[in-house]
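# Descriptive structure summary
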Amino acid sequence: MPSLIHTLQKLVKKVDQAPDIQQALEIIVENLIGALKIDTCSIFINAPNKEEHLVLMANRGLNEGIVGKIRLKIGEGLVGLVAEKAEPIRLDHAYTHKNYVYFEESGEDAFPIFMGIPIISQRKILGVLVLQRAQVAFDSDDEAFMTTLSTQLANAITHARSSGEIASLLTDQSASISCTLNGVAGAPGMKMGQSVVINHDVSLHNVADKRISDPDDINHEVKLFEAAVDQVKQALYDQAERMKQFLPMEECALFTAYAQMLDSGSLIEDTRNRINEGHWAPSAWGETIQEHADVFTSMEDEYLAERANDILDLGRRVLQRMFSTQVGERVYPQKFVLVGEKISATDLASVPLEGLQAIVSEHGSGASHVAILAHALGIPAVMGVTNLPYTQVEGMVVVADGYSGKAYIDPKQQLLDELKLHISEEEQITDSLNELKSKPAITTDGYRVSLYVNSGLMSDHSPSLRSGAEGIGLYRTEIPFQIRESFPSEDEQFRIYRNVLKTFDGKPVVLRTLDVGGDKPLSYFPIKEDNPFLGWRGIRVTLDHPDIFITQVRAMMRANAGLENLHILLPMISGLQELDDALILIHRAKNEVEEELGEPLRIPLIGAMIEVPSSIYQIDEICQLVDFVSIGTNDLTQYLLAVDRNNESVAELFSSLHPSVLRALEQIVQGANRQNTPVSVCGELAGDPMGVMALMGLGIESLSMSTGSLPRAKKVIRSFSLSELSEFISITKNMSDAQDVRSFYIERLDDRGLGGLIRAGK
Ligand code: PEP
Ligand code: MG
């Protein structure tokens, strides 16, 4: 079908170039009429915020005036049936079908031959394409062609839904765009507030160019530009100062780093040159910023793309200053949620933190700077919300669930009441920590579990200490590495580790050696790979760079002197040779530090992370080489189920409660028990109430989780007996899928009146 393919390519190109979604739809209906020799062509769109409602958005061939008027529920009429079945329907006599609904105003009775094609993206029905003829039935080639076109159209519609275009096309329905959106968990917690939309007011892409030639005008523009830069620089330094009360010095360095970018010769010089060449300041600056950002974007490296965002963010700020002398003096609601296309770390610093409840961002992941900072500040964050209609939501109530990665925009009263209940339940549970804090995590039949916290930022420590945790079960050292501009020196690392070891004096602190690569990039150490999760990450990187590894271990050992609460944990162990090599380096570091200190050092306890499936099958041998093992259920799940842990498209497949994961965990525990090696869990499963039930049932006696998860975990532990939890796991590990396992544990929690621990949407 070469001619149809050619038609398709041409059509897709035209659609891509369409200035907005309505025109894209018009182009499609217009062109299909000719290309397929059809009499009528219609596109129905599933109104994104009206539960399952198909609205006719474009048509050629039927009576005029029906666009926007014909609406169908899913399952209603032939169009609704296509959507319900999510498959094409071809009919030669549409009106004889039992689902046929006749819309008199359309004039469609003249065209009985019908073909409906669903428009689908990620299992969601975005709309239906309908073709009708008076004669000549549609064949399978027509259907194949239309199905291909529909997949292309799905991209355009997804984009239009996310920018709010579709919602605004349907405004006559109601002012509300109430919806629940899925993103990824950025920082834990659940909070609500009035939304404050950020970043959409000034666009670098569409600054009109204005030519200037008069030397006075050029001088004026240069001065305007320099003043704007100075003001933004000053504001950034002020923000860094303000953030000092909330964050430790090293995190504040991020804001000064932004300010220093404005001292960068090339950004300023290039703009001055452009002004001198005869462009007014805004467009000169816009061009310069775009050029610099493009250099990073074109490198196609995830981290560097993030740097492009930093530059664009800075660019917007200066542009905003140039356009208005007193921008930024915005009135913030008492409790607000920051919503935007790309919320940046500097956005966080420019708002009154006292009122900031949560962050909802269309782009970014848990690894973004802003998510790291939000976590440090105890602010829930939902990232990567691909359908976020951010231009439409200013002032609306937004509820962010940073555990499940869900954002509720303008929830309807009933849902809102439910969410408020969850928020207050969470607050109550957190409050009940006060009474549980001093109580042991002990089952109703007297078995004790040790609870630890996961950490990685200094500011995390005081809540962790207050939470009643028995120590730090996982300190992700890569986080302090990620928020810097270069590798931290040994002394810098020493200070960070000393601080945490001292804060938890007398309690174990597990410092994990650097685990970069995969989704954890370092700006100053770019790793470019096609398949980073299966590539150079974790221990593989540090063994290839003994300099980095030894420096880090030396800093840890020096920090441990006199405290003796350090445990060292090795990430991403996939074989015994890696462990042998790491142990040799650890001993070398120990000998060096010992020599320098002039006194004998005790080698800390060394552990291996069990997170690569190969380590399950060598668990006995691994245990013989180390003092403890810690199971990383995040990566273990990712690698066992072959599901990228950061990809929202497959997020529903990612479940650490999958029966296969449970069986793998059982094997690990059995191996560790055979070798008398302590085994703990530090992945997210350890902080999930259902995970706690499963892990305890498997005989795990040590769990490490985020501070916020601790009270819920303790509550679960104190509500069940170990014997019943063991009985539960013998049932769940044999179930057919993760959903069954979840339902089983939810029921057991409900039986105990603990349903409130299972959060909305989970
Ligand atoms: C894990 O993989 O479960 C884990 C705890 O490590 P991280 O999430 O840092 O990869
Ligand atoms: Mg891991």
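Residue numbers run consecutively from 1 along every chain, following the written order of its sequence. Just so you know, chain letters begin at A and ligand numbers begin at 1, following the order they were written in. Given that the model is predicted, a residue must reach a pLDDT of at least 70 before its local features are reported, and side-chain atom pairs must reach 80 or more before they are shown or counted; all residues, however, enter totals for whole chains, interfaces and linings. Hydrogens and waters are ignored; side-chain quantities use all the structure's heavy atoms.

## Observations regarding the sheet that holds strand β14 (residues 406-409)
Convention followed: For two strands to count as paired, DSSP must find a minimum of two bridges between them. Where helices and strands are cited, they refer to DSSP runs of H or I of at least four residues and of E of at least two residues respectively, numbered from the N terminus. The axes used here are C-alpha line fits, helices contributing only the stretch in contact, and every angle between their N-to-C directions lies in the interval 0 to 180 degrees.
Reading across from one edge, β7-β14-β13-β9-β10-β11-β12-β8 is the order of the eight strands in this open sheet, with mixed pairing throughout. Lying at the two open borders of the sheet, with one neighbouring strand each, are β7 (179-182) and β8 (184-187). Neighbour-to-neighbour, the strand axes of this sheet turn through a mean angle of 30°, independent of strand direction. Bridging between β7 and β14 involves four bridges; their strand directions are antiparallel. Within β14, the position partnered with Asn182 by the bridge is Lys406.

## Quick look at the pattern of salt bridges
Where side chains of opposite charge bring their charged atoms close, a pairing between them can arise. Using the following cut-off: By convention in these notes, a salt bridge is any Lys or Arg side-chain nitrogen within 4 Å of a carboxyl oxygen on Asp or Glu. Whether a residue is buried, partly exposed or exposed follows from its accessible area with a 1.4 Å probe, protein chains only, as a fraction of its type maximum: under 20%, in between, or over 50%, in that order.
What the rule picks out here adds up to 28 salt bridges. Between Arg674 and Asp620 there is a salt bridge whose closest N-O contact spans 2.8 Å. Here Asp620 lies in helix α20 (residues 619-625) and Arg674 lies in helix α22 (residues 659-674), a separation of 54 residues in the sequence. Accessibility expressed as a relative area gives 54% for Arg674, which makes it exposed. Ionic pairing is found between Asp635 and Arg645, a salt bridge with its closest N-O pair at 3.0 Å. Pair noted here: Asp635 is in helix α21 (residues 633-641) and Arg645 is in the loop between α21 and α22, with a separation of ten residues, a long-range link. When its relative accessible area of 2% is taken as the criterion, Asp635 is described as buried. Because the salt bridges share partners, they merge into one network encompassing Glu478, Arg512, Asp515, Arg537, Asp635 and Arg645.

## A closer look at the coordination of the magnesium ion (ligand 2)
This is how it is decided: Shown as donors are all N, O and S atoms within 2.8 Å of a metal ion, widened to 3.2 Å for Na, K and Ca; because water is not in the atom set, sites may appear incomplete.
Those protein atoms acting as donors to the magnesium ion (ligand 2) are Glu611 (OE) and Asp635 (OD), and they sit at 2.0 to 2.1 Å. One end of the pair, Glu611, is in the loop between β19 (605-610) and α20; the other, Asp635, is in helix α21, with 24 residues separating them in the sequence.

## Some remarks on the packing of helix α16 (residues 490-503) against helix α18 (residues 546-560)
Heads up, the condition is: Under this scheme an angle from 65 to 115 degrees is roughly perpendicular, one under 35 degrees roughly parallel, and one over 145 degrees roughly antiparallel; angles in between are oblique. Each crossing gets its hand from how the near helix is turned against the far one by less than a right angle, where anticlockwise is left-handed and clockwise is right-handed. It only takes one pair of heavy atoms within 4.5 Å for two residues to be counted as in contact. Only Asp, Glu, Lys and Arg are considered charged in this grouping, and only Ala, Val, Leu, Ile, Met, Phe, Trp, Tyr, Cys and Pro are considered nonpolar; every other residue, Gly among them, is considered polar.
α18 packs onto α16 with a crossing angle of 45° between their chain directions and a minimal axis gap of 8 Å. With respect to α18, the axis of α16 lies oblique. For the pair α16 and α18, the sense of crossing is right-handed. Contacts between α16 and α18 involve Glu490, Asp491, Gln493, Phe494, Tyr497, Arg498 and Leu501 from the first element and Thr551, Gln552, Arg554, Ala555, Met556, Arg558, Ala559 and Asn560 from the second. Classifying every residue of the contact of α16 with α18 gives six nonpolar, four polar and five charged.

## Concerning the nonpolar core
A general tendency of soluble globular proteins is for nonpolar side chains to be buried together. Stated precisely, the cut-off is as follows: What we call a nonpolar core is a set of buried Ala, Val, Leu, Ile, Met, Phe, Trp, Tyr and Cys residues that are connected through their side-chain atoms within 4.5 Å.
Of all hydrophobic cores here, the largest spans 94 residues; its most connected members are Leu570 and Leu703. No other element matches α18, which puts eight residues into this core. Membership of the second largest hydrophobic core comes to 53 residues, among which are Leu236, Phe255, Met261 and Ala308.

## Quick notes on the pairing of strand β10 (residues 336-340)
Sheet faces and side chains relate simply in a regular strand, where the side chains alternate between the two faces. Of all five residues making up β10, five are buried, and the element is well covered by its neighbours. Alternating residues of β10 divide into Phe336, Leu338 and Gly340 and Val337 and Val339, and every residue in both groups is buried. Of the strand pairs in this sheet, strand β9 (residues 190-198) and β10 are connected by five bridges, and their pairing is parallel. Looking at the pairing, Val196 lines up with Leu338 of β10.

## Digging into the site of ligand 1
So the rule is basically this: What makes a residue near a molecule or strand is one non-hydrogen atom of that residue sitting within 4 Å of it. Contacts described as polar in this section are N or O atom pairs within 3.5 Å, which, within protein, must combine one atom able to donate a hydrogen with one able to accept it, while residues neighboring in sequence count only if both atoms come from side chains. Each accessible area is a Shrake-Rupley result for a 1.4 Å probe, and residues are judged covered by the shown protein chains and nothing else.
Arg476, Arg512, Gly632, Asn634 and Arg645 are the nearest of the 14 residues found near ligand 1. The separation between an oxygen atom of ligand 1 and a polar main-chain atom of Gly632 is 3.4 Å. Asp635 places a side-chain nitrogen or oxygen 3.0 Å from an oxygen atom of ligand 1. Protein burial of ligand 1: of its 290 Å² of free accessible surface, 99% is covered by the chains. Taken together, the elements giving at least two residues each to the shell around ligand 1 come down to β16 (472-476) and α21. With three residues, α21 is the largest single contributor of residues to the shell around ligand 1. When the residues that make up the shell around ligand 1 are grouped by side-chain class, the tally is three nonpolar, four polar and seven charged.

## A few points about unusual backbone geometry
Unusually for a residue other than glycine, Glu564 sits at a positive phi of about 60°. Here Glu564 lies in the loop between α18 and β18 (566-570). The phi dihedral of Ala642 is positive, around 55°, even though this residue is not glycine. Tracing the backbone through its elements, the reader meets Ala642 in the loop between α21 and α22. Assessed through its relative accessible area of 68%, Ala642 is described here as exposed.

## Re the side chain of Arg476
Defined as follows: Just so you know, the count uses Lys and Arg for positive and Asp and Glu for negative, and it drops His and the chain ends.
In this fold, Arg476 is placed in strand β16. Of the side chains with opposite charge, Glu684 comes closest to the buried, unpaired Arg476, at an N-O distance of 4.3 Å.

## What to know about helix α23 (residues 689-697)
Of all nine residues in α23, nine are buried, a share of seventy percent or more. Looking at α23, one finds that the buried residues are Pro689, Met690, Gly691, Val692, Met693, Ala694, Leu695, Met696 and Gly697. Of the surrounding elements, those touching the buried residues of α23 are α22, β21 (679-681), β22 (702-705), α24 (710-717), α25 (722-732) and α26 (738-751). Two or three places before Met690, at the start of α23, stands the capping residue Asp688, its side-chain oxygen 2.8 Å from that residue's backbone nitrogen. Backbone geometry just downstream of α23 places Gly699 in the positive-phi region, at approximately 95°.

## Concerning α22
Residues spaced three or four apart along an α-helix point in a common direction, a consequence of the helix completing one turn every 3.6 residues. We count it as follows: Take the number of residues in a helix, subtract one, and multiply by 1.5 Å to get its expected span.
With 16 residues, α22 should reach 22 Å at 1.5 Å per residue; the first-to-last C-alpha distance of 23 Å fits that figure. For α22, the full list of buried residues reads Pro659, Val661, Leu662, Ala664, Leu665, Ile668, Val669, Gly671 and Ala672. Of the residues trailing α22, Asn676 is marked for its positive phi of about 55°.

## Re the environment of Pro659
Looking at the element boundaries, Pro659 is found in helix α22. Sequence spacing of Pro659 and Ile731 is 72 residues, and the spatial spacing of their C-alpha atoms is 9.9 Å. Excluding residues that lie within four positions of it along the chain, Pro659 makes contacts with Thr732, Lys733, Met735, Ser736, Asp737, Ala738 and Val741.

## Quick notes on the packing of helix α6 (residues 215-243) against helix α9 (residues 281-297)
At a minimum axis separation of 9 Å, α6 and α9 run at an interaxial angle of 55°. Here α6 lies oblique to α9, going by the angle between them. Of α9, the residues touching α6 (which contributes Glu221, Leu224 and Phe225) are Ala281, Pro282 and Trp285. Of the residues that constitute the contact of α6 with α9, the class distribution is five nonpolar, no polar and one charged.

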